[in-house]
Amino acid sequence: MAEIIDGKKLAKKIRQELKEEVIKENLHPRLAVILVGDDEASKIYIRNKSRACEDVGIEFIEHILPTNTTMEELLELINKLNNDNEVSGILLQSPLPGHMNIKTAFETINPEKDVDGFNPINIGRLEMNEPAFVSCTPYGVIRMLEEYNIDIEGKTAVVIGRSNIVGKPLIQLLLNKNATVIVTHSRTKNLENYTRQADILVSAIGKAKYIKADMVKEGAVVIDVGINRIKGDVPGKKVLVGDTDYSEVSKKASYITPVPGGVGPMTIAMLMHNVVKAEKLKNK
Ligand code: NAD
């Protein structure tokens, strides 16, 4: 039976360490969050981030803009926050309304305040293995492996999914840690031929219970990034599950992350980490 990688507990520890650092170093980190429109899921994400900020001692400044905000107005706000020395980090909540260009918006965020790691400068820095702000979910995955003393160097790591926010930065992070990385995606044929080779298998697909035990090597480390809402036992109530069929895969893996309570809490903890880091860089 696999050892559970407890993301919730680890995230709590990281947040506590950050809180102590903020007090000890007399830091005043501030996160400016921009939400355009009234996407319900985004509001929940922002609420969770605001609670985490409060917990760590990060001031949380919300900028809620109406759906009909123009691109010029959004860029004007981003530039204002870029130039505001009181602001440590800027987070632009996606998705943006259809008339807006999210690529341009991320490109406009000052790379030194880009706590989500979505600005192309930070993506390039990561690619070149230089200090960078790294996208919080893949960064959280690496931190989990490190905290559980799981060797990455020389290991075969298989990443399923190649999105800009999870799969691609994770591929680079694993490569920078000297793993042999195999990238798979929706057009990959015979996925199981690759997943069965994985010492470390990371799934970021978004398909409930897609990874079955026969796709996993005995003793593999399985990191499940997927978040899927499916019908539960209680009528009308949905439950969260990952991409892996947890009950069967956990019998074969050496380590596994649960959903919920795995990668999710780590994503927020790494955002907090990035904001504190941005504040420290600003003061240098
Ligand atoms: P995405 O839709 O942008 O990308 C999904 C990727 O999966 C694509 O690259 C696609 O090629 C690949 N894919 C789809 N079907 C596949 C298949 N059958 N076989 C192999 N590959 C396949 O999604 P994303 O933003 O990268 O998110 C992926 C999952 O991770 C989602 O469930 C999302 O909710 C979750 N997520 C979780 C966190 C967290 O904090 N835990 C953060 C971000 C995303």
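Details of the structure are given in the entry above.
Residues numbered from 1 in each chain as written. Predicted model: local features only at pLDDT ≥ 70, side-chain atom pairs only at ≥ 80, totals over all residues. Heavy atoms only, no water.

## Section: the sheet that holds strand 2 (residues 30–36)
Spatially, 3 strands are ordered 3-2-4 in an open sheet, and the strand pairing comes out parallel. Two strands bound the open sheet, and with one partner strand each, they are strand 3 (59–65) and strand 4 (89–92). If you compare each strand with its neighbour and ignore which way they point, the axes differ by 20° on average. Strands in contact with helix 3 (residues 71–83) are strand 2, strand 3 and strand 4; relative to strand 2, the strand with the most contacts, it is inclined by about 180°. (Pairing = 2+ DSSP bridges. Helix = DSSP H or I, 4+ residues; strand = E, 2+ residues; numbered from the N terminus. Axes fitted to C-alpha atoms, helices over the stretch in contact; angles between N-to-C directions. Contact = heavy atoms within 4.5 Å.)

## Things to note about the nonpolar core
Counting 51 residues, the largest nonpolar core has L31, L174 and M272 as its most contacted members. Tallying contributions element by element places helix 10 (residues 263–282) first for this core, with 10 residues. With sequence-adjacent residues up to four places away left out, M272 is seen in contact with R15, L18, K49, A52, C53, V56 and I58. Grouped together as the second largest cluster of nonpolar side chains are 19 residues, L74, L77, L81 and V87 included. (Core = buried A, V, L, I, M, F, W, Y, C linked by side-chain atoms within 4.5 Å. Buried < 20%, exposed > 50% of the residue type's maximum accessible area, 1.4 Å probe, protein only.)

## Side note on the environment of V239
You can see V239 is positioned in strand 10 (residues 238–241). Overall, V239 belongs to the partly exposed group, its relative accessible area being 36%.

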